[in-house]
Amino acid sequence: GAGVSQTPSNKVTEKGKYVELRCDPISGHTALYWYRQSLGQGPEFLIYFQGTGAADDSGLPNDRFFAVRPEGSVSTLKIQRTERGDSAVYLCASSLGNTQYFGPGTRLTVL
Amino acid sequence: AQSVTQPDIHITVSEGASLELRCNYSYGATPYLFWYVQSPGQGLQLLLKYFSGDTLVQGIKGFEAEFKRSQSSFNLRKPSVHWSDAAEYFCAVPRQAGTALIFGKGTTLSVSS
């Protein structure tokens, strides 16, 4: 079946703007994760959903970052008042058990 | 707290030579352990995982890894490297069972001809 998909693949925005990044998980996967990967680093956890609720949002760096998963499937990561330091690849993963499957990521560039 | 260390930032191996990428972890109990590979501009692909049982696990693309509890290690190996194996490799453990992963900083593998 289809894997995890993320849109857009690339997003360029200006400092101060609002962006939304979308993740479409593997059908039937109840858990969904967002990570951020900066250049030369491993992915870092942002937020984890089990169903519709955020089970753990302790990785969100500040209140400019927010994520939703209203119907327990597609998730949107929202970043307000973007800063240049938000530039990174944002990865989404989904799982049914203990193994996470990753999407291709969205490369966000804040000018 | 859980953590993962990949001591080697960059490794170069000749095509056809064997490969070992090191991973050391810190975890309170018997960990789940994962190796992922990331090719340039791509997402993470699962190579193999260890949950329990046989400490030598086989993965895709001819990779294997061995869990050594006494050394807190989960090193990735391949007997004969191909040019297409050039990529970034990440070792990971869960923050807690069944939740988000903690990744090492990764090891970049270059393959020379």
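The structure this text deals with has already been given above.
Residues numbered from 1 in each chain as written. Chains lettered and ligands numbered in written order. Predicted model: local features only at pLDDT ≥ 70, side-chain atom pairs only at ≥ 80, totals over all residues. Heavy atoms only, no water.

## Some points on the pattern of salt bridges
Residue and element names in this part refer to chain A. Rule in force here: Here, a salt bridge means any Lys or Arg side-chain nitrogen found within 4 Å of an Asp or Glu carboxyl oxygen. Classification of residues uses two cut-offs on accessible area relative to the type maximum, computed with a 1.4 Å probe and protein chains only: under 20% is buried, over 50% is exposed, and between them is partly exposed.
For the coordinates displayed, the defined rule picks out nine salt bridges over all chains. Arg22 is the salt-bridge partner of Asp24, the closest N and O atoms lying 3.7 Å from each other. Looking at Asp24, the relative accessible area reads 27%, which means it is partly exposed. For Arg22, a relative accessible area of 39% translates into the label partly exposed.

## Topic: the interface of chain B and chain A
Keep this limit in mind: Any two residues whose heavy atoms approach within 4.5 Å at even a single point are treated as in contact. Summed over both partners, the accessible area lost on bringing two parts together, with a 1.4 Å probe, is the buried area. What qualifies as a polar contact is a pair of N or O atoms within 3.5 Å, subject to a donor-acceptor requirement within protein and to the restriction that residues adjacent in sequence count only when both atoms come from side chains. A run of H or I in DSSP counts as a helix once it spans at least four residues, and a run of E counts as a strand once it spans at least two, with each numbered from the N terminus. Under this grouping Gly is polar, as are all residues other than the nonpolar Ala, Val, Leu, Ile, Met, Phe, Trp, Tyr, Cys and Pro and the charged Asp, Glu, Lys and Arg.
In this complex, chain B contributes 19 residues to the contact, which on the side of chain A involves 18 residues. Together, the buried faces of chain B and chain A total about 1500 Å²; carbon and sulfur atoms form 51% of this surface. For B:Arg95, the salt bridge identified is with A:Asp56, shortest N-O distance 3.1 Å. Run the count over chain B and chain A and you get eight residue pairs in polar contact (both at pLDDT 80 or more). For the side of chain B that touches chain A, the elements supplying multiple residues, two or more each, are β5 (33-38), β6 (44-50) and β11 (101-103) of chain B. Here the residues of the side of chain B that touches chain A are counted per class, giving 10 nonpolar, six polar and three charged.

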